[in-house]
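Now for the letters of each chain:
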Amino acid sequence: MSKRALKTYLSGLKKKELEGQIMELYDKFPSVKTYYDFAFNPKEDKLIQEARTKISNEYFPVKRKRPKARRSVAQKYIKHFIKLGVDSAMVADLMCFNLEIAQSFSMERNVPDAFYKSMLNSFSEMTTFISQHGILEEFKERIITIYNHTQAKNWLYGEEFSKALDILD
């Protein structure tokens, strides 16, 4: 159904019918419930803090012995927050945090080559996001620190990290 057809259909409904349909959507689809819960009670700080805890727990677990170190956990939160419309500075902060915690992890553990490729993808996505949203001044120092760490520790794909950093210029 096109937006035009939907608009025509919705304009033909009475207020009670429209309310009924929205309530039905709210009850049936968790994503609609999540959207309305966020729209009317954002609590962005709390959501970001929960995400930080989960990401940190991926690399430095509290309840289990072995870290899973999955990038996908952070990516899921980041994509979810972007879809919800969370403040771009908060999303960028979470992106930086993800890389910073991964760097701390790599200093303590021997990590596979795939880890570096994964972190390169995260770094590229972060620099692109920050550039697109025009918030470089807020995050420039953290980005440089993350980049310098990759160079100082001789991470794989060093040249690709440099290219990702060039996006900001």
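Structure: above.
Calculation criteria
Residues numbered from 1 in each chain as written. Predicted model: local features only at pLDDT ≥ 70, side-chain atom pairs only at ≥ 80, totals over all residues. Heavy atoms only, no water. Axes fitted to C-alpha atoms, helices over the stretch in contact; angles between N-to-C directions. Helix = DSSP H or I, 4+ residues; strand = E, 2+ residues; numbered from the N terminus. Parallel < 35°, antiparallel > 145°, perpendicular 65-115°, else oblique. Left-handed = near helix turned anticlockwise from the far one by under 90°. Contact = heavy atoms within 4.5 Å. Nonpolar A, V, L, I, M, F, W, Y, C, P; charged D, E, K, R; others polar. Core = buried A, V, L, I, M, F, W, Y, C linked by side-chain atoms within 4.5 Å. Buried < 20%, exposed > 50% of the residue type's maximum accessible area, 1.4 Å probe, protein only. Salt bridge = Lys/Arg side-chain N within 4 Å of Asp/Glu carboxyl O. Phe/Tyr/Trp six-rings, centres within 6.5 Å; stacked < 30°, edge-to-face > 60°. Lys NZ or Arg CZ within 6 Å of the ring centre and 35° of its normal.

**Considerations on the packing of helix α4 (residues 44-59) against helix α5 (residues 71-84)**
Phase 1: Contact geometry for α4 and α5: axes closest at 9 Å, N-to-C directions at 165°. As far as their axial angle goes, α5 and α4 are roughly antiparallel. Of the two possible hands of crossing, α4 and α5 adopt the one that is left-handed. For the pair α4 and α5, contact is made by Leu47, Ile48, Ala51, Lys54, Ile55, Glu58 and Tyr59 and by Arg71, Val73, Ala74, Tyr77 and Phe81, respectively.
Phase 2: For the contact of α4 with α5, the class distribution of residues is nine nonpolar, no polar and three charged.

**Some remarks on the nonpolar core**
Phase 1: Ranked by size, the top nonpolar core spans 42 residues in total, and within it Phe115, Phe123, Met126 and Ile143 carry the most contacts.
Phase 2: Counting residues per element, the ones that place at least two in this core are α4, α5, α6 (88-108), α7 (113-132), α8 (136-152) and α9 (158-166).
Phase 3: The leading source of residues in this core is α6, at 12 residues.
Phase 4: If near-sequence neighbours (up to four positions away) are discounted, phenylalanine 123 is found in contact with Leu99, Ile143, Ile146, Tyr147, Phe161, Ala164 and Leu165.

**Let's talk about the pattern of salt bridges**
Phase 1: Scanning the model with the defined rule gives nine salt bridges in all.
Phase 2: Residue glutamate 24 pairs with lysine 28 through a salt bridge whose shortest N-O separation is 3.3 Å. Note that glutamate 24 and lysine 28 are positioned in helix α2 (residues 15-28) at a spacing of four residues, about one turn of the helix.
Phase 3: Classification of glutamate 24 by relative accessible area gives partly exposed; the value is 43%.
Phase 4: Looking at lysine 28, the relative accessible area reads 57%, which means it is exposed.
Phase 5: The salt bridge involving lysine 163 is made with glutamate 159; its shortest N-O contact spans 3.8 Å.

**Notes on the packing of aromatic side chains**
Phase 1: Applying the stated criterion across every chain, the model contains 11 aromatic pairs.
Phase 2: Ring centres of tryptophan 155 and phenylalanine 161 lie 5.9 Å apart, and the angle between their planes is 70°; on these two criteria the pair is classed as edge-to-face.
Phase 3: Residue classification places phenylalanine 161 among the buried residues on the basis of a relative accessible area of 0%.
Phase 4: By way of ring pairs, the aromatic residues Tyr59, Phe60, Phe105, Phe115, Tyr116, Phe123, Trp155 and Phe161 are connected into one cluster.
Phase 5: Lysine 117 extends its terminal NZ or CZ atom over the ring of tyrosine 157, reaching a point 5.4 Å from the ring centre.

**So, the packing of α5 against α7**
Packed helices, taken two at a time, are described by the angle their axes make and the gap between the axes.
Phase 1: Contact pair α5 / α7: the axes reach a minimum separation of 11 Å and the direction vectors enclose 20°. In terms of axis orientation, α5 runs roughly parallel to α7. Handedness of the α5/α7 crossing: left-handed. Seen from α5, the contacting residues are Arg71, Gln75 and Ile82; seen from α7, they are Ser118, Met119, Asn121, Ser122, Glu125 and Phe129.
Phase 2: Looking at the contact of α5 with α7 residue by residue, the class counts come to three nonpolar, four polar and two charged.

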